[in-house]
Amino acid sequence: MTLLFQLAMYLYLTATAVYVFHFLSQQKQVRAVARAILFTGGILHTVYFVVRYLAAGHTPITSNHEAVSFFAWAMTWAFLSFWWRYRVKNFGVFVTPLISLLMLIAAFSSQEMAPLPPALRSNWLPVHASIAIMANGFLALAFCGGVMYLLQEREIKKKKFGIFYSRLPSLEALDNLNQHCLALGFLLLTLGIITGSVWAKQAWGTYWQWDPKETWSLITWLIYAAILHQRLTVGWRRRRAAIMAIAGFAAVLFTLWGVTYLLGGVHSYVG
Amino acid sequence: MLAENIVIIGVNHKTAPVAVREKLAFSGDCAGPLLTLMNIEGCRECCFLSTCNRVEVIFVASNPAIAAVAVRSFLFANSGLADGEAQQYSYLHQGQDAVTHLYQVAASLDSMVVGEPQILGQLKQAYREAMEQKTTGVILNRLLHKSFSVAKKVRTETNIGGSAVSISYAAVELAKKIFGSLRDKSVLLVGAGEMAELAAEHLVRQGIGRVIVANRTVERAAKLARRFNGTAVGLAELTTQLAEVDILISSTGATDLILTKDEVKPLMRQRKNRPLFLIDIAVPRDLDPELNDLENVYLYDIDDLKNVVDVNKADREKEALRAEDIVAVEVAKFGQWLAGMELAPTITDIRQKANAIREAEVAKTLGSLKSLSENERRSVELLANAIVNKLLHEPMVFLKNSDPHDNPQLKLAFVRQLFGLDRES
């Protein structure tokens, strides 16, 4: 089982290296190789979850290792499914390092399988947790898009064309990417919060109890709601949208880790 | 076939000033020049290329030195220059150098703007006309076909045609980096300079949605607008239009700024921050340089665009070096083929190919018949040998038999093709 995880991780790391090589050399065949490696990694990662699910007897999404690894998995498949529909030049070289980083964090956290506390034993667990983390996957893609936008915009604005100008897609394409990822991520985030509160009602008898994780999820949700609202009304798009996508993702990360390690609460992982 | 029989004589932008080139220019179709050239004694094949930057004759002659003088005097017939001067303005490449030169021309390495794509089309057209007049034969057919594939290879394997090297095209490329597709975008032309028209033309070709022309004199605006299927407005409407359009190209003769930062700033809110690409190709400048500080506004003046072009040109020079390597490899390959276009090497090649097949097949058969005695094995080998020799006998006789009516090169080319001797692995 650990072997499966490690294999997936090494494949992700290799895919990252190949994407970087492709970014520098711009050879088409290299990109196909990188994508194939990433795809294989994604498949093995999926198998890993199935195996772990069978071994644990519950959805493996309750420890830090599991949650972060699931996050990486969600990003991988969000990226691969995204690639299917929109072609964004050299997106992979920005996404795969983040996936690899998440996998490394997961690798260094405890991989022990702890028994599930009674409060978490519910069918809502897989629904709520996986939707919430899938949301993170798309918001992470929006973050990568935001970074790409700022890099490309900087070169156009400063009129100094470095390595990014020719390799990154047009500002318009990056802005669209941002918009799509944000919209999808926001939708999932909303669903995650709703399912969570329904589950809370069942488990604890109240929809909302201002647990730190809940509070921070709400803050994150408000940030993204603001981005989308401003975009539609006064036209916060392009540069400002890119910056906000990056800021929003910082809130996502804080909700994921900051809350657990700094603030505690019912969402703190079992492990 | 001797490589030295292939010759290229010509003038281009490097060897002759335009004053000389224009006297050499041939207009209309190449039928006349081609037929004149074929009448030169010893000229077996020829192709004639005439563009605004070069006039070249590519020919194969049995006595190149004599033919060269005749070709040169034909080229410079209308120039009034003596052969001595003509030699100074023209170049003569022979053998391997001629092949290299042709490949360089086809791959646009010898062009005034390195990497510009038109030359390949012009060369193809020249070849088509030569074929129609039946002035090319085995050698030039292969040489020109190879030059086309070398050009294609250079284009796909290097980035030689990659980035814009003209100001108007650089502007279009930038627009695409900002807006992606230009289909639903619009451009406002302010003033009607030549470069602005050129840029607008490029934008239209890239499929820009709408063209609006604003000019001091409305008639001129209307005329230009008609050309691009657009609308004409007065200069007073500049700011109203600016709330709508995506690209502005300014090239008025105004001595002062026609658009300042403070005028555009409120517009951006009205535009819901849709990006605005401002191109200022007027000297003195029309647009306030500080406009570039506004969010989602990108201002490029003529010097900025020139810088872009210079950087791109330097990139192309670098790519050209890589292209030269490709050319060198292909020239060597052509040399090999040419060396094979003789009786003796062709016979050797056929023998070698047949022997290789025989050996491989015999080994395969004997490998699966392990029970054979030494004698029986020997018989199988003899059988194979006999079949090969008998089959090759008639082709060899046909090859060696020199009928005076035959074209020996055609015959060689035919046999080589029949036996697949020049197939590239």
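Scoring rules and cut-offs
Residues numbered from 1 in each chain as written. Chains lettered and ligands numbered in written order. Predicted model: local features only at pLDDT ≥ 70, side-chain atom pairs only at ≥ 80, totals over all residues. Helix = DSSP H or I, 4+ residues; strand = E, 2+ residues; numbered from the N terminus. Rg over C-alpha atoms; globule rule 2.2 N^0.38 Å. Contact = placed C-beta atoms within 7 Å. pLDDT = per-residue confidence, 0-100. Expected span 1.5 Å × (residues − 1). Buried ≥ 20, exposed ≤ 12 C-beta atoms within 10 Å, placed from the backbone. Pairing = 2+ DSSP bridges. Axes fitted to C-alpha atoms, helices over the stretch in contact; angles between N-to-C directions. Core = buried A, V, L, I, M, F, W, Y, C linked by C-beta atoms within 7 Å. Nonpolar A, V, L, I, M, F, W, Y, C, P; charged D, E, K, R; others polar. Parallel < 35°, antiparallel > 145°, perpendicular 65-115°, else oblique. Left-handed = near helix turned anticlockwise from the far one by under 90°. Arc of directions from axis to C-beta.

Trainee: Describe the overall build of chain B, naming the residues involved and giving the relevant values.
Mentor: Assigned secondary structure in chain B consists of 16 helices and ten strands. Rg of the C-alpha trace for chain B: 31 Å, well past the compact-globule value of 22 Å for 425 residues, more than 25% over. On the principal axes, the C-alpha backbone points of chain B span a range of 100 × 70 × 35 Å. The contacts in chain B between residues at least 6 apart in sequence include a share of 70% that link residues at least 24 apart.

Trainee: Outline the confidence of the model for chain B, listing residues and values.
Mentor: Looking at chain B as a whole, its pLDDT mean stands at 87, while 99% of the residues score no less than 70. Overall fold confidence for the complex sits at a pTM of 0.74, while the interface term, ipTM, reaches 0.84.

Trainee: Explain helix H7 (residues 212-233) of chain A to me, using residue names and the numbers behind them.
Mentor: All names here are of chain A. For H7, which comprises 22 residues, the first-to-last C-alpha distance of 31 Å matches the rise-based estimate of 32 Å (1.5 Å per residue) to within 8%. Of all the positions in H7, only Lys213, Glu214, Trp216, Ser217, Thr220, Tyr224, Ile227 and Arg231 are classed as buried. Phi turns positive one or two residues past the end of H7, at glycine 235, with a value near 75°.

Trainee: Pulling in residues and values, what's your account of the sheet that holds strand S2 (residues 43-50) of chain B?
Mentor: Residue and element names in this part refer to chain B. Across the sheet, four strands lie side by side as S2-S3-S1-S4; this open sheet has antiparallel pairing. Two strands close off the open sheet at either side, each with one partner strand: S2 and strand S4 (91-94). On average, each strand axis in the sheet is inclined to that of its neighbour by 15°, with strand direction left out of account. Across the sheet, helix H2 (residues 31-38) touches S2 and strand S3 (54-61), and the angle it forms with S2 is around 150°. Along the sheet, helix H7 (residues 138-157) contacts strand S1 (6-12), S2 and S3; its crossing angle with S2, the most-contacted strand, is approximately 35°.

Trainee: Lay out the nonpolar core in plain terms, naming residues and giving numbers.
Mentor: Of all hydrophobic cores here, the largest spans 117 residues; its most connected members are Met75(A), Leu141(A), Ala175(B), Leu189(B), Ile249(B), Leu278(B) and Ile279(B). At 16 residues, the largest contribution of residues to this core is made by helix H5 (residues 124-158) of chain A. Those residues in contact with Leu189(B), other than ones at most four positions away along the chain, are Ala196(B), Ala200(B), Val211(B), Val213(B), Ala214(B), Leu224(B) and Ile249(B). By size, the runner-up hydrophobic cluster in this structure holds 60 residues, among which are Cys30(B), Ala68(B), Leu102(B) and Ala130(B).

Trainee: Explain the sheet that holds strand S7 (residues 231-234) of chain B to me, and be specific about the residues and the numbers.
Mentor: Residue and element names in this part refer to chain B. If you walk across this open sheet you meet the six strands as S7-S6-S5-S8-S9-S10, and the pairing is parallel. The outermost strands of the open sheet, each flanked by one partner alone, are S7 and strand S10 (297-301). Mean inter-strand twist for the sheet, computed between neighbouring axes without regard to direction, equals 20°. The pairing of strand S8 (residues 247-250) with strand S9 (residues 276-280) spans four bridges and is parallel. For leucine 248, the partnering residue across the bridge sits in S9 and is leucine 278. Against the sheet, helix H10 (residues 218-227) contacts strand S5 (186-190), strand S6 (210-215) and S7, and its axis sits at roughly 160° relative to S6.

Trainee: Could you give an account of the interface of chain B and chain A, with specific residues and numbers?
Mentor: Interfaces are often sized by the amount of accessible area the parts lose when they come together. Chain B puts 16 residues into the contact, and the matching count from chain A is 14 residues. At four residues, helix H8 (residues 167-179) of chain B tops the list of elements feeding residues into the side of chain B that touches chain A. Considered class by class, the residues forming the side of chain B that touches chain A number six nonpolar, five polar and five charged.

Trainee: Just give me the short version of the packing of H8(B) against helix H9 (residues 194-205) of chain B, but keep the residues and values in it.
Mentor: Axes are the key here: two packed helices are described by the angle between their axes and the distance separating the axes. Residues and elements named next belong to chain B. Taken N-terminus to C-terminus, the directions of H8 and H9 make an angle of 45°; their axes are 9 Å apart at the nearest point. Our classification of the angle between H8 and H9 gives oblique. In this structure, H8 crosses over H9, and the sense of that crossing is right-handed. For the pair H8 and H9, contact is made by Ile167, Ser168, Tyr169, Ala171, Val172 and Ala175 and by Met195, Leu198, Ala199, His202 and Leu203, respectively. Among the residues forming the contact of H8 with H9, the class breakdown is nine nonpolar, two polar and no charged.

Trainee: A description of H2(B) should follow, citing residues and the corresponding values.
Mentor: All names here are of chain B. What H2 keeps buried is the set Pro33, Leu34 and Leu37. Across the axial projection of H2, the buried residues extend over an arc of 100°, all falling on one side. Facing away from the buried surface of H2 by more than 90 degrees, the exposed residues are Gly32 and Leu35. Close packing links the buried residues of H2 with S2, S3, helix H3 (64-75) and helix H6 (118-132).

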